[in-house]
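A structural walkthrough
Read off the chains here:
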Amino acid sequence: MKKDRLALLGGAALVVAGACGRTDLTPGALRGGAGGEGGMNDEPPVVECTLDADCVTEDLCAPAFCYLANDEHDVSYCATRVTSCDDANPCTVDACSPSDGRCTHAGPLDADHDGVFGKAREGTPESCGGLDCDDDDPNVYTGAHELCDGKDDDCDGEIDEGATYGSAGDAVPIAPNSFRSEASGFAFDGTSYGVTYTDTSADGHTTAYLALLNATGAVTFGPSRVNEINVDSYAGSVATPGNGFLTAWADARQNGSYEIYATRFDQQARKLEPDQRLSNGPNASINPAAVYTGKGYAVVWDDRRYSDTTGNSVFGRSLGLDGHAVGDELRLTSDDEYADSVDAAGSATRLGVTYVVEGPYLPDGSEPSTIARFRSYDANLGDGSGPVELGIDAQSPSIVQAGDYFVVAWHTGSAARNWGPSLEAATLDARGNVLAAGSITQGDLHAKAPSLVSVGDRVLVVWQAIPEGGQRFELFYEMVSVPDLRVVVPRQRLAASTTTALIEPTARLGPGGDVGVVYKTEAPLQAYFTHLGCSIPSTVR
Amino acid sequence: MLAALAVAFGCAGRSVTAEPSDDDDAASGRGGAGGTGGRGGKAGQGGSAGRAAGSGGMAGTAGTGGTDMPYEDPGCPDTPAPPAQIECDVFSTPGGCPDGMACKPYIDHPYGSGCDQQVFNMLCVYAGDGQQGAVCDSGMFECAEGYICVIGAAHGARCLRMCPLDGSVACPLGYVCGATDAEGIGVCA
């Protein structure tokens, strides 16, 4: 039930007419009537009257009447009486039409006009009988077909139940004419995949490009040069607001070392503005991760400006929707954190950042372990929380937002032996409370480089591994449940080669629930696209 | 003062070689002309002129303490690559360096408005003893022959084994040869 007017004193409220918006009244003659709301002034003017016809009604839901003089008013006066349309039915929305004063009682609700009433809206009970679990989405209702879209389309409480993923085609080279190429950033803007890659010519010069791909990996726009500089240029991270792409990368065009730059491209891979430099410090700033926050972008990176004092740091900077920086670069880690390998994910509500720090040196002088950590921020990189420790011997963590939670995955190892037999992961809420943690893969000699895709209440994990008995890195995928990190779809091979290692996969949710994956081959070093097709049996209702 | 020259993996999965420290310059006999002025509080970079044993470059003018300098896209005209200084071969054994020294890649990054190029060099420097995964916060000088100091491939600056990107020499099982910002040179990571 919603009432568009508040009824007082048993259904009728007296309001002194003309208290607001009228300038032709006699000022300050009398106080307002008993139980009435004051006007805009403490003692509003009163309109004297003899008959109801002397009072002007501007809203038929609050008609004006002439009230006779009484103990509190020594003259007759005009006042309105708000019509109560409350029908005492909690499943209807009660309203009054100002043009004719008639009450309407609509409902149950069908706000999205999909023909199915909503179950509940704010302030109404669940008992109203509607069967639409999302009355703001016309594609979601009881009886709808479940789709691969990360939503509970059929309102049965499960998301994408019965969904299966399978390789949906051969791998496609992203830059087939390149001497060497390496994919880097990857995102899907609702129309195209945007991928940045580093092209190396035969003479060793490298150039960063952005290309737009369709669902099967064919280049539809571009490739376009990310920048027009003479130093070697390296592709970086990509974020999308849904109608184009922002990319952030590192190059050493000035300042004697690597700095972070950013620019945007439209949906035809046309560059929208000159490069914008985001970092400004001595020594290298590298490894940027760009995130679209809904209010703009956030870019975080590894920074070595304090490497000779307090060690590596994580820095970040907020950008507006126009891609321009809003505010200064910020150091996101503290003096006692020797931090790098940063990654970030998030939305307008919260940004999750994960990175690796160095643990304390051991008494025997052996190499300290590394520790994965998590912090969260608002969209402007303020209101920081954490740090939260996630696991030791952690390398290269990856993060994804999954509904109200963040999932972080990493591989274990050390700088000398940069892998472990399984991937580790943790699920956290936006403030860093850990809900679950543990190993999420098994069966590998070496597992590393996890990439995560949020699919409703589950996460698709794509990683590179040398399986037990294997000879080189292959690509695998599996599905885990977000709340408890339980494996709900066991591992399957995504791609393998008999001649070269397949490494560094990056996966993103694409059209129709498909998952696009870019990766590279080791020798020759080339960037490829492949995708997993998603399907749900028609029997799933 | 350490001035790490780091070749790092962080750029698109690419390692970046660490900037050489002043010590590295001295060790390699790279005498220093005065450095260019630093920005953002950075001391100047040592010069690269001398081949005789030098004492390290003079520090440049201190920078402005991190003042945010808006970058203006210069619209760079194409220019030919500057000549590299190649005095040895990192993948040859011996690499052409005197005893006790090792051949390492070295990159001079520009300080200009944004249109200059980096200069790739292959230089003989004193070899350290740092092998796979050893910390090299002081730069390439700490790494043994066959290893270079990179950032971005693992936590911190690390010595990692060099490998040719053409695949002619494979890394041990579990490692892959990942590109660095040194032309044609990868590291096993």
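Residues numbered from 1 in each chain as written. Chains lettered and ligands numbered in written order. Predicted model: local features only at pLDDT ≥ 70, side-chain atom pairs only at ≥ 80, totals over all residues. Heavy atoms only, no water.

In this section: the overall build of chain A. Scanning chain A from terminus to terminus reveals 0 helices and 35 strands. With 541 residues in all, chain A has 56% of them scored as buried. Contacts spanning at least 24 positions in sequence make up 46% of the contacts within chain A whose residues lie at least 6 apart. In the form shown here, chain A has an accessible surface area of approximately 21,400 Å², with 50% of it arising from carbon and sulfur atoms. (Helix = DSSP H or I, 4+ residues; strand = E, 2+ residues; numbered from the N terminus. Buried < 20%, exposed > 50% of the residue type's maximum accessible area, 1.4 Å probe, protein only. Contact = heavy atoms within 4.5 Å. Areas by Shrake-Rupley, 256 points an atom, 1.4 Å probe, with all protein chains shown as cover.)

With that settled, the discussion passes to the sheet that holds strand β5 (residues 119-126) of chain B. Read across the open sheet, the 3 strands follow the order β3-β5-β4 (chain B); overall the sheet is mixed. The sheet is open, and its two edges are formed by β3 (85-86) and β4 (101-108) of chain B, each paired on a single side. (Pairing = 2+ DSSP bridges.)

Let us now look at the nonpolar core. Counting residues in hydrophobic clusters, the biggest one holds 30 residues, and the most contacted among them are Y258(A), L278(A), V299(A) and L319(A). At the level of secondary structure, the elements contributing two or more residues to this core comprise β14 (245-251), β15 (259-265), β17 (285-292), β18 (297-303) and β19 (313-319) of chain A together with β5, β6 (147-151) and β7 (157-164) of chain B. If you look at the next biggest cluster of nonpolar residues, it comprises 20 residues, including L460(A), A495(A), L502(A) and V517(A). (Core = buried A, V, L, I, M, F, W, Y, C linked by side-chain atoms within 4.5 Å.)

So, on to the sheet that holds strand β12 (residues 219-225) of chain A. Residues and elements named next belong to chain A. Reading across from one edge, β9-β10-β11-β12 is the order of the 4 strands in this open sheet, with antiparallel pairing throughout. Of all strands in the sheet, those with a lone pairing partner are β9 (180-188) and β12, marking the two edges. Recorded for the sheet is a direction-independent mean angle of 20 degrees between the axes of neighbouring strands. (Axes fitted to C-alpha atoms, helices over the stretch in contact; angles between N-to-C directions.)

Residues with a pLDDT of 70 or more make up 88% of chain A, whose mean pLDDT is 85. Highest mean pLDDT in chain A belongs to strand β13 (residues 237-239) of chain A (98); lowest belongs to strand β1 (residues 2-3) of chain A (29). (pLDDT = per-residue confidence, 0-100.)

What follows deals with the packing of aromatic side chains. Residues and elements named next belong to chain A. Evaluated as defined, the whole model comprises 15 aromatic pairs over all chains. Their ring planes at 75 degrees and their centres at 6.3 Å tell us that F186 and F529 sit as a pair that is edge-to-face. Placement of the pair is F186 in strand β9 and F529 in strand β35 (residues 526-535), with a sequence separation of 343 residues. Under the relative-accessibility criterion, F529 is labelled buried at 1%. Measuring from ring centre to ring centre gives 6.1 Å for Y306 and F315, while their planes differ by 35 degrees; the resulting arrangement is tilted. Ring-pair connections join several aromatic residues into one group, and the members of that group are F186, F188, Y193 and F529. Here the basic side chain of R305 rests over the ring of F315, its NZ or CZ set 4.0 Å away from the ring centre. (Phe/Tyr/Trp six-rings, centres within 6.5 Å; stacked < 30°, edge-to-face > 60°. Lys NZ or Arg CZ within 6 Å of the ring centre and 35° of its normal.)

The next subject is the side chain of S385(A). Residues and elements named next belong to chain A. Structurally, S385 is set in strand β24 (residues 385-392). For S385, a relative accessible area of 10% gives the class buried. Polar contacts involving the side chain of S385 include one to the side chain of S376, which spans 2.6 Å. (Polar contact = N/O pair within 3.5 Å; in protein donor to acceptor, adjacent residues only side chain to side chain.)

With that out of the way, let us pick up the state of the cysteines. Counted by the stated rule, this structure contains 13 disulfides over all chains. Paired by a disulfide, C55(A) and C78(A) hold their sulfur atoms 1.9 Å apart. Between C55(A) and C78(A) the disulfide shows an S-S torsion of about -90 degrees. By sign, it is left-handed. Pair noted here: C55(A) is in the loop between β2 (14-16) and β3 (64-67) and C78(A) is in strand β4 (residues 77-81), with a separation of 23 residues, a long-range link. Judged by relative accessible area, which is 9%, C55(A) ranks as buried. Between C136(B) and C149(B) runs a disulfide, and the two sulfur atoms are separated by 2.1 Å. The chirality of the disulfide connecting C136(B) with C149(B) is right-handed, given an S-S dihedral of about 90 degrees. Here the residue C136(B) occupies a position in the loop between β5 and β6, and C149(B) occupies one in strand β6, the gap between them amounting to 13 residues. Taken individually, C136(B) and C149(B) each receive the classification buried, so the pair is uniform in this respect. (Disulfide = S-S within 2.5 Å.)

The next point concerns the pattern of salt bridges. Residues and elements named next belong to chain A. A complete count under the given rule lists 22 salt bridges over all chains for this structure. The shortest N-O distance in the salt bridge between D383 and R431 comes to 2.7 Å. Taken as a pair, D383 in the loop between β23 (370-377) and β24 and R431 in the loop between β27 (423-429) and β28 (434-439) lie far apart in primary sequence, 48 residues in all. Several salt bridges share partner residues, and in doing so they unite D251, R253, K271 and D275 into one network. (Salt bridge = Lys/Arg side-chain N within 4 Å of Asp/Glu carboxyl O.)

Turning to the interface of chain A and chain B, a few remarks are in order. On the side of chain B, 60 residues touch chain A, which itself brings 65 residues to the contact. Between chain A and chain B, roughly 5,000 Å² of surface is buried when both sides are summed, and carbon and sulfur atoms account for 49% of that area. It is N230(A), N280(A) and R304(A) that lose the most area in chain A upon contact with chain B, and together they represent 12% of the buried surface on that side. Taken together, the links from chain A to chain B amount to 1 salt bridge. The partner of E358(A) in a salt bridge is R158(B), with the nearest N and O atoms 4.0 Å apart. Joining chain A to chain B, the criterion identifies 12 residue pairs in polar contact (both at pLDDT 80 or more). (Buried area = accessible area lost by both parts, 1.4 Å probe.)

All names here are of chain B. Summary statistics for chain B give a mean pLDDT of 69 and a share of 62% for residues scoring 70 or more. Note that pLDDT drops below 50 for residues 1-12; the model gives that stretch 78 contacts with residues more than four away or on any other chain. Counted against residues more than four places away or in other chains, residues 20-67, with its pLDDT under 50, gives 111 contacts. If you check the scores for this complex, the pTM reads 0.77 and the ipTM reads 0.74.

All right, on to the environment of Y355(A) then. Residues and elements named next belong to chain A. Following the sequence through the fold, Y355 ends up in strand β22 (residues 351-358). Look at Y355 and you get buried, because its relative accessible area is 1%. Within the local environment of Y355, its side chain forms a polar contact with the side chain of R375, the two groups lying 2.8 Å apart.

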